[in-house]
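# Examination of the molecular architecture
Each chain, letter by letter, is given below.
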Amino acid sequence: SNLEERKEIADIMAKNSGVDISNASIGPDDHLVDHKKADQYDDDTDRDVYRDEEDYPSMDDDMLHEDAFDAEDTHTQKVDKADDTTDTDTEVKDLRNAIESTPLSWSRVPFAKQAKALLDKIEIIMKTTEDDESEQPQDENTPELDPMAVQMVSGVLSKRMAYITRGVDYAVSAKVLLDALENDLKDNIEQFHADLIGLVVGTVYHAKIASDEFAEFLFMTLSEFDKEKRILEEENEESCVSQLTFMCPSSPYSKDLSDGSSIEFPPKWVVSVAQGLCANRQTGVCVPDDDLDIPADIPDGYYNYFVPQPRDDSDTLSAAFSAYDTIASIASQTAELENQLLDLDKKLKEYNDEVREMEESIGGGDGMEMGRDGELYPMRDQCFSGEAGKYDYEVCIFGSAKQRDIGQKTGGTDLGKWSGMEIDEESGQKTMLWKNGAKCWNGPQRSATVHVTCGAETKVLTADEPDTCRYVLTMESHMACDDQFGKQYGLL
């Protein structure tokens, strides 16, 4: 449809919100079914409004016997009973009164009143029956009641009352949202118009609203519908009239557009769905029962209230939303992958932390403090010694080097502090250095250079002083028996 047709349809659908958007315009990029905008207002979890009432917040007997549109029911009971709640209660009551007057409530209000009256009567009868059984034989004129049937009727009525109460709670919340949205976008009517479309589409999709319920809603947004209802109500005072009375037989209405043209509304597919609804549901005028006999059962459609059912795969709207289902599925899979990515990132961080701790323990990420291959790690803080001449030489990895007289256990001349290990890239020769030892008399500070060769046992083999206060030692150790040593001597 063209731009003006889409605007006209959106105007009609938005009418029940109580917002005047008659002067709104819609941009060329906005569509009646705008899935992207709809998703801004609905999370990726479908709202299951059709679950059993035991999944809904618990309702005591007094609550079930209240009118579903009374300001003192479940919604109000959740309001904090502080001194400053009077205004809130009044606002909620006003909202509920407004909701009660909408076309969607035409079948719900009479049903709720009838259900309340029946539940009250069942409670009185059951209490009277209990008292009679305990005190005296039952009067022959007292009607006999099947306890199981009464319990069934009471349960069905209570469940449907819970459905209605829940719907009113949702409607109150929705009205608050619409008012806030209107106030927020009062200077941007085009965006408000587009957001309303998004909310309608999102609600229909995520609430799994069936096409027949959607068709019923569209018909009830028509001003012609409201006029016909008021006329019929005047002819049937004290009666409840089903909205299906005005839908059946279903036919579109001609709606004038601002450019002088007209369109048929609702669309043909909606009219077709409504016609099927008319064929499958029996409706009529329900007259209040002064005697209020308790029925044997409560069929769907009792007092013209039909319990909404979620759409299934064969529904017309399911086909319309098939592309969005695919997108939603992809979005769900993407969200799952993003969660997996977050978990992997967390594990990667943990692994990096472990690696960093290990690197710190072995001398850092470059691997050279503990040797190129970490070969110094098992030798860390250990001391190795050997005799040469009249002296005993001791070198401590990451510690100091000492020269002592043979047999001396402590003290000795300080040959330097650990300075590191160098590796010749060509030969693979490992050389350990100790520097800044005790100063020689009229000479430099002592130092020790230790050349490491391959050997089964780590120990000092030789020691020499080629220059004043500069000591050169050789030490064998398994740490020098690496691949480069094996290649050098033809072992690999």
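The notes below deal with the structure included here. (Residues numbered from 1 in each chain as written. Predicted model: local features only at pLDDT ≥ 70, side-chain atom pairs only at ≥ 80, totals over all residues. Heavy atoms only, no water.)

### Some remarks on the overall build of the protein
Looking only at helices and strands, the protein has 15 helices and 12 strands in total. When burial is assessed residue by residue, the protein has 39% of its 492 residues classed as buried. Sequence-distant contacts in the protein: of pairs separated by 6 or more residues, those separated by 24 or more amount to 59%. Working note: accessible area of the protein is about 28300 Å², and carbon and sulfur atoms make up 49% of it. (Helix = DSSP H or I, 4+ residues; strand = E, 2+ residues; numbered from the N terminus. Buried < 20%, exposed > 50% of the residue type's maximum accessible area, 1.4 Å probe, protein only. Contact = heavy atoms within 4.5 Å. Areas by Shrake-Rupley, 256 points an atom, 1.4 Å probe, with all protein chains shown as cover.)

### Things to note about the pairing of strand 7 (residues 400-405)
Taken together, the five bridges between strand 6 (residues 391-396) and strand 7 define a ladder with antiparallel strand orientation. For D392, the partnering residue across the bridge sits in strand 7 and is R404. The hairpin formed by strand 6 and strand 7 contains three residues between the paired strands, and F398 there has a positive phi angle of roughly 65°. Bridge analysis of strand 7 against strand 8 (residues 413-423) gives four bridges, and the strand direction is antiparallel. Each residue of the ladder has a partner; that of A401, found in strand 8, is G416. (Pairing = 2+ DSSP bridges.)

### Let's talk about the state of the cysteines
Taken as a whole and assessed by the stated rule, the structure comprises three disulfides. At a sulfur-sulfur separation of 1.9 Å, the disulfide partner of C383 is C396. Across the disulfide from C383 to C396, rotation about the S-S bond amounts to roughly 110°, and the bridge is consequently right-handed. In this pair, C383 sits in strand 5 (residues 383-388) while C396 sits in strand 6, placing the two residues 13 residues apart along the sequence. C440 shares a disulfide with C469; S-S distance 1.1 Å. Looking down the S-S bond of the C440 and C469 bridge, the torsion is -120°, so its handedness is left-handed. Highlighted residues: C440 in the loop between strand 9 (430-435) and strand 10 (447-454) and C469 in the loop between strand 11 (459-467) and strand 12 (470-477), separated in sequence by 29 residues. For C440, a relative accessible area of 5% gives the class buried. On the accessibility criterion, C469 (5% relative accessible area) is buried. (Disulfide = S-S within 2.5 Å.)

### Examining the pairing of strand 11
Of the pairings in the sheet, the one linking strand 11 to strand 12 comprises six bridges and is antiparallel in character. Bridged to T462 within strand 12 is T474. Following strand 11, the chain reverses through two residues before pairing antiparallel with strand 12; C469 in that reversal takes a positive phi of roughly 65°.

### Details of a nonpolar patch on the surface
Among the surface-exposed residues, Y489, L491 and L492 lie close enough to one another that they form a single nonpolar patch of about 390 Å² accessible area. Considering the arrangement of structural elements, one finds L492 in the segment after helix 15 (483-488). Classification of L492 as exposed rests on a relative accessible area of 66%. (Patch = residues over 30% accessible without salt bridge, like charges linked within 9 Å, V, L, I, M, F, W, Y side chains within 5 Å. Salt bridge = Lys/Arg side-chain N within 4 Å of Asp/Glu carboxyl O.)

### With respect to a negative patch on the surface
Judged by side-chain charge, E350, E354, E357 and E360 come together as a negatively charged surface patch. Here E360 shows up in helix 14 (residues 322-362). (Lys, Arg positive; Asp, Glu negative; His and termini not counted. Charge placed at Lys NZ, Arg CZ, Asp CG, Glu CD.)

### Thoughts on the packing of aromatic side chains
Using the criterion set out here, one finds 10 aromatic pairs in the structure. For the pair F111 and Y302, a centre-to-centre distance of 6.2 Å together with 85° between the ring planes defines the contact as edge-to-face. Of the two residues, F111 sits in helix 6 (residues 108-135) while Y302 sits in the loop between strand 4 (285-286) and helix 13 (316-320), which places them 191 residues apart along the sequence. Taking relative accessible area as the criterion, F111 reaches 0% and is therefore assigned buried. Judged by its relative accessible area of 15%, Y302 falls in the buried class. Ring centres of F111 and Y305 lie 5.0 Å apart, and the angle between their planes is 35°; this geometry places the pair in the tilted category. In this pair, F111 sits in helix 6 while Y305 sits in the loop between strand 4 and helix 13, placing the two residues 194 residues apart along the sequence. Pair check on accessibility: F111 and Y305 agree, each one buried. One aromatic cluster in this structure is built from F111, Y302, Y303 and Y305. If you follow R380 out to its NZ or CZ, it ends over the ring of Y377, 3.9 Å from the centre. (Phe/Tyr/Trp six-rings, centres within 6.5 Å; stacked < 30°, edge-to-face > 60°. Lys NZ or Arg CZ within 6 Å of the ring centre and 35° of its normal.)

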